[in-house]
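Per-entry structural report
Letter by letter, the chains look like this.
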Amino acid sequence: MLHSTPPAGLQWRGITPPLALSDYRVIAFDMDSTLISIETLDEMADLMGKKAEVAALTEAAMRGEIVDYKQSLRDRVALLAGMPEALLDEVYNERVQINPGAETLIAACKAAGLTCLLVTGGFTCFTDRLRVRLGLDEVRANVLEVVDGRMTGRLLPQAWGDICDGEEKRRKLAEVCASLGVGTERAIAVGDGANDLPMMRAAGLSVGYHAKPAVRREVNVAIDEGGLDRLLTLFKIEDAA
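Residues numbered from 1 in each chain as written. Predicted model: local features only at pLDDT ≥ 70, side-chain atom pairs only at ≥ 80, totals over all residues. Heavy atoms only, no water.

Examining the pattern of salt bridges
The condition is simple: One side-chain nitrogen of Lys or Arg within 4 Å of one carboxyl oxygen of Asp or Glu is enough to make a salt bridge. Runs of H or I in DSSP of at least four residues are treated as helices and runs of E of at least two as strands, each being numbered from the N terminus. Under the scheme applied here, a residue whose accessible area is under 20% of the maximum for its type counts as buried, over 50% as exposed, and between as partly exposed, the area being computed with a 1.4 Å probe on protein chains only.
This structure, assessed with the given rule, holds 22 salt bridges. Among the ionic pairs, D46 bridges to R95, the shortest N-O distance being 2.7 Å. Here the residue D46 occupies a position in helix α1 (residues 40-47), and R95 occupies one in helix α4 (residues 86-95), the gap between them amounting to 49 residues. Given a relative accessible area of 33%, D46 falls into the partly exposed group. Taking the relative accessible area as the measure of exposure, R95 reaches 21% and is therefore partly exposed. K212 is the partner of D192 in a salt bridge, and the nearest nitrogen-oxygen pair spans 3.8 Å. Taken together, the residues D192 in the loop between β7 (187-191) and α8 (197-202) and K212 in the loop between β8 (205-209) and α9 (213-216) connect sequence positions 20 residues apart. By relative accessible area, which is 0% here, D192 ends up buried. Residue classification places K212 among the buried positions, given a relative accessible area of 15%. Each of E138, R140, E168, R171, K172 and E175 takes part in one network of salt bridges that share partners.

So, in structure tokens, the structure goes:
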């Protein structure tokens, strides 16, 4: 059972606050609806008049109702074939908003010596900019194929594999931890959807941010109200300063 403490909207299980941020070495974030307030693929579809169709597939995937996440992502991207590359800039510049408290949480983690990782089923056209904007250390994301200034509706394979799904998020988290000489029990994983569960199950501390029911049932911490920086209230004040 999740336990809560005033103020409402912050609950936890399996941990005993206050925790020490310095006990952790890595924090991994999902992007869509976690670090940022939107689902970027849905907003791309909106500009092509296909938001309802794509958003329904996205929601089903995030609730864990679609077993084959990779195929679901391919299907959604395929619907956007022909989209002008310039519209990607419009989505980033006009629709991407950093979620409340994200910058505060990242700054606190960096001050405590944590490596900040972004792992997402989203796309490098957004993550490359967010990495710089938020000072993130590493990113794993998907690459949209663009030919002659338009999306082809396909994703490009990368050196590490074809698509960043839940298993790839877990694998990348484990890889970063190994590079630091620590186990994944010294990692924090933050997300909202079912494809975040593999990395959450591997991490020592799992955090659901306004999470789907399938995620909320499993996480150590559920932030149901307010910003991402509410996580810091579970840590010793000197570690979060």
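After that view, the rundown keeps rolling.
Thoughts on the packing of aromatic side chains
As a reminder, the rule being used: Here a Phe, Tyr or Trp ring, Trp counted by its six-membered ring, pairs with any other such ring whose centre lies within 6.5 Å, and the pair is stacked when the planes are under 30 degrees apart, edge-to-face when over 60, and tilted otherwise. As a reminder, the over-ring test applies to NZ of lysine and CZ of arginine, requiring each to be within 6 Å of the ring centre and within 35 degrees of the ring normal.
Scanning all chains against the criterion turns up one aromatic pair. Ring centres of Y24 and F235 lie 6.2 Å apart, and the angle between their planes is 80°; this geometry places the pair in the edge-to-face category. Taken as a pair, Y24 in the loop between β2 (10-12) and β3 (26-29) and F235 in the loop between β9 (221-223) and α10 (237-240) lie far apart in primary sequence, 211 residues in all. When its relative accessible area of 10% is taken as the criterion, Y24 is described as buried. The ring of Y92 is capped by R129, whose NZ or CZ atom sits 4.5 Å from the centre of that ring.

Here we look at unusual backbone geometry
A cis amide bond links P17 with the next residue in sequence, P18, at an omega value of 0°. Within the secondary structure, P18 is located in the loop between β2 and β3. Of note in the backbone geometry, H210 takes a positive phi value of approximately 45° without being a glycine. The topology assignment puts H210 in the loop between β8 and α9.

Considerations on the nonpolar core
Basically, it comes down to this: Here, nonpolar core refers to any group of buried Ala, Val, Leu, Ile, Met, Phe, Trp, Tyr and Cys residues whose side-chain atoms link them within 4.5 Å. We call two residues in contact when some of their heavy atoms are within 4.5 Å.
The biggest cluster of nonpolar side chains holds 61 residues, and the ones touching the most others in it are M44, I188 and V221. Setting aside its immediate chain neighbours within four residues, V221 contacts L10, Q11, W12, I15, L205, S206, V207, G208, L231 and L234. L2, A28, L117 and L197 belong to the second largest nonpolar core, which has 19 residues in total.

Side note on α4
Note the following rule: The directions from the helix axis to the C-beta atoms form the arc being described.
Buried within α4 we find L87, L88, V91 and Y92. Considered in projection along α4, the buried side chains sweep an arc of 145° and stay on one side of the axis. Exposed side of α4, more than 90 degrees from the buried face: A86, N93 and E94 are the residues found there. In the core, the buried residues of α4 are packed alongside α1, α6 (124-134), β5 (138-147) and β6 (150-156).

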